[in-house]
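Chain by chain, the residues run as shown.
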Amino acid sequence: MRTSLIIAVVLIVLVIAIVATYLLMNQNNPEKALLNARKLLLSSNFTGTYDISSIVKTYPPGSSTPRVTQFSGVAIISRSPALNAMMTNTTGTSLINGESVNSSTIAALWLLDDKLCQVFIAYAPSSRITKYCIPYNNYTRYRFPFYITKELLSNATYVGEGSWNGKTTYCFASKIMAIEPSITISPPNGTIIGPPWSVITTNATICILGNGVIASLIEYTYAVPTQPSLSATTVTITNETLISYSLTFNQQLFNQITQLMSKAEQG
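The rules behind each value
- Residues numbered from 1 in each chain as written.
- Predicted model: local features only at pLDDT ≥ 70, side-chain atom pairs only at ≥ 80, totals over all residues.
- Heavy atoms only, no water.
- Patch = residues over 30% accessible without salt bridge, like charges linked within 9 Å, V, L, I, M, F, W, Y side chains within 5 Å.
- Areas by Shrake-Rupley, 256 points an atom, 1.4 Å probe, with all protein chains shown as cover.
- Salt bridge = Lys/Arg side-chain N within 4 Å of Asp/Glu carboxyl O.
- Helix = DSSP H or I, 4+ residues; strand = E, 2+ residues; numbered from the N terminus.
- Buried < 20%, exposed > 50% of the residue type's maximum accessible area, 1.4 Å probe, protein only.
- Contact = heavy atoms within 4.5 Å.
- Disulfide = S-S within 2.5 Å.

Chemist: How should I be thinking about a nonpolar patch on the surface in this particular structure?
Modeler: Taken together, Y139, M177, I179 and V199 make up a surface patch of nonpolar side chains, about 330 Å² in accessible area. Structurally, the position occupied by I179 is in strand β8 (residues 167-186).

The structure is reproduced here in structure tokens:
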């Protein structure tokens, strides 16, 4: 009888321990949300549609009065860690010097061997295509959104909860610093990379769903040139809010855009 009682008690303790462990492992919490965000960034395809607004203040050399550009619209962000590729498709309205104009762009950014390649297509307010491949090194890596987001998530500090569509989000503050190279795109002579010209500081508040999807982002970016007398200082404030998402990548559109880059341009 005593042996049966001991076995029964042990079984009950084991069941309680298993249930408690299961609940602990599966409940949403800030640490798990942040871990899921890193996993999602580095190992899963993702396409998210975001409501986006931004303000860019550009201070010309020697001036304390900025030129202000505002944008509001929708951005579709699609990325593939397996391809080291990311695309953005934005449509909306820009307010430039007090004048409202429609804006529509598509951009693709990807790693090719040891190079960082980009194709940027503007449909409005004017039509143009910009494309280049440059060496991927300590400077240019900060141009690649995967690296920037990874750094922001790595430096994140939990600041509280939020919500998205009735679901809890976990919010983090983060900050990174980077040095940007100067890049001159000259069609006859190719792309010229000059010395580092600016120090960029990014402060962000990121709110993440339990599954790792970024539900909202408020980002402040300061680009300060190393020679203020020669280049403008810019302050950018960006606010993004998730509309919808899927764990997919727009491979067809990516192929169409990257075909615009010739083999000679890819190096």
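Chemist: I would appreciate a short explanation of the side chain of N36 in the present structure.
Modeler: With respect to the secondary-structure elements, N36 resides in helix α2 (residues 30-43). Its relative accessible area of 17% is what places N36 among the buried residues.

Chemist: I tried to follow the side chain of T238 on my own but got confused; where do I start?
Modeler: Among the structural elements, T238 can be located in strand β11 (residues 233-246). Note on T238: relative accessible area 12%, which makes it buried. If near-sequence neighbours (up to four positions away) are discounted, T238 is found in contact with I52, S53, S54, L217, I218 and E219.

Chemist: Help me out: how do you make sense of the state of the cysteines in this one?
Modeler: Linking two cysteines covalently through their sulfur atoms gives a disulfide. Counted according to the given criterion, the structure contains two disulfides. One disulfide in the model links C117 with C133; its S-S distance is 2.0 Å. Across the S-S bond linking C117 and C133, the dihedral sits near 110°, which makes this disulfide right-handed. Of this pair, C117 sits in strand β5 (residues 115-124) while C133 sits in strand β6 (residues 128-135); the two residues are 16 residues apart in sequence, bridging distant segments of the chain. Across a sulfur-sulfur distance of 2.1 Å, C171 and C207 are joined as a disulfide pair. Measuring handedness by torsion sign, the sulfur bridge of C171 and C207 sits at about 105° and is right-handed. Of this pair, C171 sits in strand β8 while C207 sits in strand β9 (residues 190-209), and the two are 36 residues apart along the sequence.

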